[in-house]
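Okay, here's what each chain looks like letter by letter:
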Amino acid sequence: MKKELTIILAEDDEGHATLIRRNLKRSGLMNKIIHFKDGEETLDYLFQTKEKKDGIPSLLLLDINMPKIDGVEVLRRVKEDPDLKRMPVIMITTTDDPREITKCHELGCSNYISKPIDYDKFVDAIRKLGLFLLIVEIPDVNKPMD
Amino acid sequence: MKEKQQKITALENELGKQQNIERELRAVNQQLDAANQQLQASEQQLKALTEQLTASERDLIEKEEIARFARNYAENIIATVREPLIVLDGSLRVVSASRSFYDTFKTVPQKTEGKLFYELDYGQWNVPALKMLLNDVLPEKSTMDNYEVEHDFERIGRKIMLINARELLQERAKDRLILLSIQDVTERRKAERDLQRLNSELEAKTKELQQILYITTHDLRSPLVNIQGFNRELEASLKELSELIKNENLQDSTKLISNQILDEEIPEAMHFITTSAGKMDALLTGLLSLSRLGRQKIALSLLDMNKLMEEVVENYKYKIRESQIEIDVSDLPQCQGDELQINQLFSNLIDNAMKFFDSKRPGKINISGEKENGFIKYTVEDNGIGIHPDHQEKVFELFHKLNPQTSGIGLGMSIVKQIVEKHKGKIILESTVGIGTKFIILLPKV
């Protein structure tokens, strides 16, 4: 993943967001991370960047339980949009409800990470995500499709 | 001579006369015989007729008796039946009514018999829909089942009546007869409505509670991530800080105090934060799974229990070998169930058995099953320490732990009970202290 690419983090819990950012950084991921605290803010930003043509973010890290508009709904609207739908979305959430996970996969999320309560596991999951993002080629969402 | 001749002639004449008389007599006699024969024949005919007559009379008496019995029988039935019954003729005029009809509608035969049904008690039966059914539907179908009328009745107020009607076929009489049974179902309907309302209220409440349970447990996890997470962050920072301070040249007394703070007090505080958060986490995880079980619809399928149990036991392979436990599974009948939940049910039972083995003897678990009286019965029996009668009721309670020393949070058996109930089954506990515990699970027959 190229350094200049931006990551959006939609997470209503400030603490979680901080922990995620710290641990992504510790895994070596130096990309810019923009944090939003609810689904509405996130969607507003995504649709604005799309209109302004100043580049759709490369990746969306999305929590499910958020005020105003929840993560599942954000995912649905992103995947409905012809431009935004190419952006990979990774769900990061405390939910361990298998049906919710299935639903997100059905809507087209790229990956799903449960936030384990156990901090070591949590750190492990986030660091692995960071490592994964470091090596994975994320397609440039803003390039026209071949 | 002449005189003699005369005498002879006279005698001859006499003889001739006598012969004539004799002939006549014979003829008469013959006639008499014939008459006699006729008489005898008639007598026989008469006797036969009399016999026929007696037989007919007997027949008649017998038939009359049968008819009387039938009538008696019918009348007794009508009198005994608690539902009001009324018989109408073809023009819907009341022929008769049962005692309970008079009782129920607070009326008397004088005001009822011979009257038009729709005119009874100020036209209280003059309900258009009922009229339509009696006039149009009944002649066509000859029966009418469970028709409900809600109506303000003259003397008994607003009631719901359940009406059943039959046309009685009369072979000879051209007129039809209609038997109406009228049952007051007001109380029953009211009770049913109450029950329905209470049921849906209960359902809504349960759903609400499950929702609350889910939301609270779920929402409590988020702050817990922060408590644990930042505690660890602090730990890391503390370590760095300690390194820094240790390299500083501080006064001995300051060093002593700072060491105490950095090496003992803060780590101790952090330890309590970590373990407490861990406990809370275990509780929340358990509650979440319990609430998920409550919200989940069960997906029933026919389960090969021999295969399922093999999988369950397989999961305990390591523990079985380590603790030298013997698990004996006999041939199990199939059942209808949710595969995941039934798996969890038996896993929890085995898990529970393993926690309470008696250290004085090698642990043993017997799992068996059979079909019994409309149920599929499975038994999980161990030779553990057993459960005291005082504690047996509490086994299935939420967060009840028989032994505070054992691992877990006291949810396993609550989950077992909930799974069994979700499958409309029953669980029975039989246990003797010092001998072992037996859980019997009854699931509805396939």
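Residues numbered from 1 in each chain as written. Chains lettered and ligands numbered in written order. Predicted model: local features only at pLDDT ≥ 70, side-chain atom pairs only at ≥ 80, totals over all residues. Heavy atoms only, no water.

**Student:** Please explain the overall build of chain A as it appears in this structure.
**Tutor:** Of the regular secondary structure elements, chain A holds five helices and five strands. Across chain A, helices and strands are ordered from the amino to the carboxyl terminus as β-α-β-α-β-α-β-α-β-α. The proportion of buried residues among the 146 residues of chain A is 52%. Long-range pairs, those at least 24 residues apart, make up 70% of the contacts in chain A with a sequence separation of at least 6. Of the roughly 7200 Å² of accessible surface on chain A, a fraction of 50% belongs to carbon and sulfur atoms. (Helix = DSSP H or I, 4+ residues; strand = E, 2+ residues; numbered from the N terminus. Buried < 20%, exposed > 50% of the residue type's maximum accessible area, 1.4 Å probe, protein only. Contact = heavy atoms within 4.5 Å. Areas by Shrake-Rupley, 256 points an atom, 1.4 Å probe, with all protein chains shown as cover.)

**Student:** Please clarify how the overall build of chain B should be interpreted in this entry.
**Tutor:** Secondary structure summary: chain B contains 11 helices and 12 strands in total. Over its C-alpha trace chain B gives a radius of gyration of 51 Å, far above what one expects of a compact globule, namely 22 Å for 446 residues. Each principal axis of the C-alpha distribution contributes one length, and for chain B these read about 215 × 65 × 35 Å. Long-range pairs, those at least 24 residues apart, make up 60% of the contacts in chain B between residues at least 6 apart in sequence. When the accessible area of chain B is evaluated, it comes to approximately 29700 Å², of which 53% is carbon and sulfur surface. Both charge centroids of chain B, one from 60 positive and one from 70 negative side chains, sit 5 Å from each other. (Rg over C-alpha atoms; globule rule 2.2 N^0.38 Å. Lys, Arg positive; Asp, Glu negative; His and termini not counted. Charge placed at Lys NZ, Arg CZ, Asp CG, Glu CD.)

**Student:** Please clarify how a negative patch on the surface should be interpreted in this entry.
**Tutor:** There is a patch of like negative charges on the surface, built from B:D59, B:E62, B:E64 and B:E65. Mapped onto the fold, B:E62 is located in helix α1 (residues 2-80). (Patch = residues over 30% accessible without salt bridge, like charges linked within 9 Å, V, L, I, M, F, W, Y side chains within 5 Å. Salt bridge = Lys/Arg side-chain N within 4 Å of Asp/Glu carboxyl O.)

**Student:** How do you make sense of the nonpolar core when you look at a structure like this?
**Tutor:** Grouped burial of nonpolar side chains is what soluble globular proteins tend to show. All names here are of chain B. With 41 residues, the main nonpolar core has M305 and F346 as its most contacted residues. Sorting the residues of this core by element identifies α6 (252-295), α7 (305-315), α9 (339-355), β9 (364-372), β10 (375-382), α11 (412-422), β11 (426-432) and β12 (436-444) as the ones contributing at least two each. The element that contributes the greatest number of residues to this core is α9, accounting for seven residues. Apart from residues lying up to four places away in sequence, F346 is in contact with M305, M309, V312, Y378, V380 and I441. L88, A97, Y102 and Y118 belong to the second-largest nonpolar core, a separate cluster that totals 28 residues. (Core = buried A, V, L, I, M, F, W, Y, C linked by side-chain atoms within 4.5 Å.)

**Student:** Sorry if this is basic, but what is going on with the packing of helix α3 (residues 71-80) of chain A against helix α4 (residues 98-107) of chain A here?
**Tutor:** A pair of packed helices is captured by two measures, namely the crossing angle of their axes and the spacing between those axes. All names here are of chain A. Remark: α3 packs on α4, axes separated minimally by 9 Å, with the N-to-C direction vectors making an angle of 15°. Put simply, α3 runs roughly parallel to α4. Crossing geometry of α3 relative to α4 is assigned as left-handed. Only E100, K103, C104 and L107 of α4 make contact with α3, whose side of the interface consists of V72, L75, R76 and K79. Split into classes, the residues belonging to the contact of α3 with α4 amount to four nonpolar, no polar and four charged. (Axes fitted to C-alpha atoms, helices over the stretch in contact; angles between N-to-C directions. Parallel < 35°, antiparallel > 145°, perpendicular 65-115°, else oblique. Left-handed = near helix turned anticlockwise from the far one by under 90°. Nonpolar A, V, L, I, M, F, W, Y, C, P; charged D, E, K, R; others polar.)

**Student:** Explain the interface of chain A and chain B here, please?
**Tutor:** It is common to report an interface's size as the accessible area lost on association of the parts. Facing 22 residues of chain A, the contacting portion of chain B comprises 16 residues. The interface formed by chain A and chain B contains two salt bridges. Here B:E233 and A:R22 are joined by a salt bridge, their closest N and O atoms 2.2 Å apart. Counting across the chain A and chain B interface gives five residue pairs in polar contact (both at pLDDT 80 or more). Where the side of chain A that touches chain B is concerned, the elements lending two or more residues are α1 (14-26), α4 and α5 (119-135) of chain A. Of all the elements, α1(A) adds the most residues to the side of chain A that touches chain B, at seven residues. Here the side of chain A that touches chain B is built from residues that sort into six nonpolar, seven polar and nine charged. (Polar contact = N/O pair within 3.5 Å; in protein donor to acceptor, adjacent residues only side chain to side chain.)

**Student:** Any chance you could explain the domain arrangement of chain B here in plain terms?
**Tutor:** In terms of domains, chain B is made up of domain 1 (1-73), domain 2 (81-184), domain 3 (192-295) and domain 4 (300-444). Taking only C-alpha atoms into account, the centre of domain 1 of chain B sits 106 Å from that of domain 4 of chain B. (Domains from an automatic or database assignment.)

**Student:** What am I meant to see in the side chain of B:S258 here?
**Tutor:** The residue B:S258 is located in helix α6 in this model. With near-sequence residues (within four places) excluded, B:S258 lies in contact with B:I245, B:L250 and B:D263.

**Student:** Even after reading the chapter, I still don't get the environment of B:V313, so can you show me in this structure?
**Tutor:** All names here are of chain B. Residue placement: V313 occurs in helix α7. Residue V313 is classed as buried on the basis of its relative accessible area, which comes to 17%. Discounting chain neighbours no more than four positions away, the residues touching V313 are I320, I327, V329 and I350.

**Student:** Would you explain the sheet that holds β12(B) in this entry?
**Tutor:** Sheet strands line up and pair through hydrogen bonds in the backbone, either parallel or antiparallel. Residue and element names in this part refer to chain B. Here we have five strands laid out as an open sheet, ordered β7-β9-β10-β12-β11, and mixed in their pairing. Both outer strands of the open sheet, β7 (326-329) and β11, are each paired with one neighbouring strand and no more. Across this sheet, the average inter-strand angle for adjacent strands is 15°, counted without regard to direction. The sheet contact formed by β11 and β12 spans seven bridges and is antiparallel. Residue pairing in the sheet places T432 in a bridge with G436 of β12. (Pairing = 2+ DSSP bridges.)

**Student:** Help me understand α7(B), please; the structure alone is not making it clear to me.
**Tutor:** Structurally, the α-helix is built with 3.6 residues per turn, so residues lying three or four positions apart point the same way. Residue and element names in this part refer to chain B. Listing the buried residues of α7 in full gives M305, L308, M309, V312 and V313. Burial along α7 is one-sided: seen end-on, the buried residues are contained in an arc of 130°. Exposed and facing more than 90 degrees away from the buried side of α7 are K307 and E310. Residue D304 occupies the N-cap position of α7, its side-chain oxygen lying 3.2 Å from the main-chain nitrogen of N306. (Arc of directions from axis to C-beta.)

**Student:** Hey, could you run me through α6(B) in this one?
**Tutor:** An ideal rise of 1.5 Å per residue puts 64 Å on 44 residues; α6(B) measures up with 62 Å between its terminal C-alpha atoms. Approximately 35° is the largest bend angle found in α6(B), and it occurs at B:I261. (Expected span 1.5 Å × (residues − 1). Bend = angle between axes of the 7 residues up to and from the residue.)

**Student:** Help me understand the confidence of the model for chain B, please; the structure alone is not making it clear to me.
**Tutor:** Considering every residue of chain B, the mean pLDDT works out to 86; 96% of them sit at 70 or more. When pLDDT is averaged over each helix and strand of chain B, the minimum, 79, is found for helix α4 (residues 128-141) of chain B and the maximum, 92, for β10(B). (pLDDT = per-residue confidence, 0-100.)

**Student:** Quick question: what am I supposed to make of the pattern of salt bridges here?
**Tutor:** All told, the structure shown has 23 salt bridges over all chains when counted by the stated rule. Put simply, A:E73, A:R76, A:R77 and A:E80 are held in one network by salt bridges that share partners.

**Student:** Can you help me understand the pairing of strand β4 (residues 157-168) of chain B in this one?
**Tutor:** Every other side chain in a regular strand lies on the same face of the sheet, so the side chains alternate between the two faces. Residues and elements named next belong to chain B. Pairing between strand β3 (residues 143-153) and β4: nine bridges, direction antiparallel. Within the sheet, the bridge partner assigned to Y147 lies in β4 and is I163. Taken together, β3 and the strand that follows it, β4, pair antiparallel across an intervening segment of three residues.

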